[in-house]
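# Coordinates in review
The primary structure of each chain is shown beneath.
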Amino acid sequence: MPMPLSFRFHFRGYAMLVRQWLIRYVSLVVRKMSPEKIRAFPIDRQAFLVREVAARLDSLHGDSATSFWRAKATELFDLVVRSGRDRAAASDEVRRFFFAVQQEISAGAATEPMPILSA
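Presented here is a report on the structure given in the accompanying data block. Residue positions are given per chain, counting from 1 as you read along its sequence in written order. The model is predicted, so local features are restricted to residues of pLDDT at least 70 and side-chain atom pairs to those at 80 or more, both for listing and for counting; the totals for chains, interfaces and linings are taken over all residues. To obtain the side-chain values, all non-hydrogen atoms of the structure were used and water was disregarded.

## Focus: a nonpolar patch on the surface
As a reminder of what qualifies: Candidate patch residues must exceed 30% relative accessible area and have no salt bridge, after which like charges are joined if within 9 Å and Val, Leu, Ile, Met, Phe, Trp or Tyr side chains if within 5 Å. Each accessible area value is a Shrake-Rupley result obtained with a 1.4 Å probe; residue values ignore everything except the protein chains displayed when judging cover. What counts as a salt bridge is simple: a side-chain nitrogen of Lys or Arg found within 4 Å of a carboxyl oxygen of Asp or Glu. Put simply, DSSP marks the helices as runs of H or I at least four residues long and the strands as runs of E at least two long, and each gets a number from the N terminus on. Residue burial is assigned from relative accessible area. The probe radius is 1.4 Å, only protein chains are included, and a residue is buried under 20% of its type maximum, exposed over 50%, and partly exposed in between.
Nonpolar side chains collect at one region of the surface, where Tyr 14, Val 18, Trp 21, Leu 22, Tyr 25 and Val 26 lie side by side and expose about 630 Å² of accessible area between them. Position of Val 26 among the secondary structure elements: in helix H1 (residues 7–32). You can call Val 26 partly exposed: its relative accessible area is 46%.

Dropping the structure here:
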């Protein structure tokens with residue numbers, strides 16, 4: 001008469017089965033992922049970055065603001081191109097970022113208290 005298998009044997013077999021299944025599943029998922037299918041988070045939706053650039057631009061004026069913006073736009077454009085987007089799409093994304101920064105500056109100006117001038 002065969003002896004019944006112990007719980008320890010069943011648990012070890014179950015653990016090996018789950019491990020093999022996980023290895024197959026992960027390798028399948030990794031194989032299906034390709035750089036063309038991965039989409040980076042758009043820069044105009046990165047609230048912290050938008051607020052940081054808006055605050056910096058709001059404190060600068062004239063040529064210093066223009067040179068800061070050009071340097072930041074070039075940096076962001078290169079970042080988006082390196083993430084796999086083509087140049088036209090990267091340009092559109094930087095343009096949307098600029099509009100988000102402008103909206104942030106406008107929203108900040110609207111919340112600032114207006115000085116009361118006396119006549």
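## Here's the deal with the packing of aromatic side chains
Ring pairs (aromatic) are described by centroid distance and by the angle formed between their planes. The line we're drawing: Aromatic contacts are taken between Phe, Tyr and Trp rings whose centres are within 6.5 Å, Trp giving its six-membered ring; a plane angle under 30 degrees counts as stacked, one over 60 as edge-to-face, and the others as tilted.
This structure, assessed with the given rule, holds 3 aromatic pairs. Pairing Trp 69 with Phe 97 gives two aromatic rings, centres 6.2 Å apart and planes at 10°, and the pair type is stacked. Of the two residues, Trp 69 sits in helix H3 (residues 63–82) while Phe 97 sits in helix H4 (residues 87–111), which places them 28 residues apart along the sequence. We classify Phe 97 as buried; its relative accessible area is 0%. Through a chain of ring-to-ring contacts, the aromatic side chains of Trp 69, Phe 97, Phe 98 and Phe 99 assemble into a single cluster.

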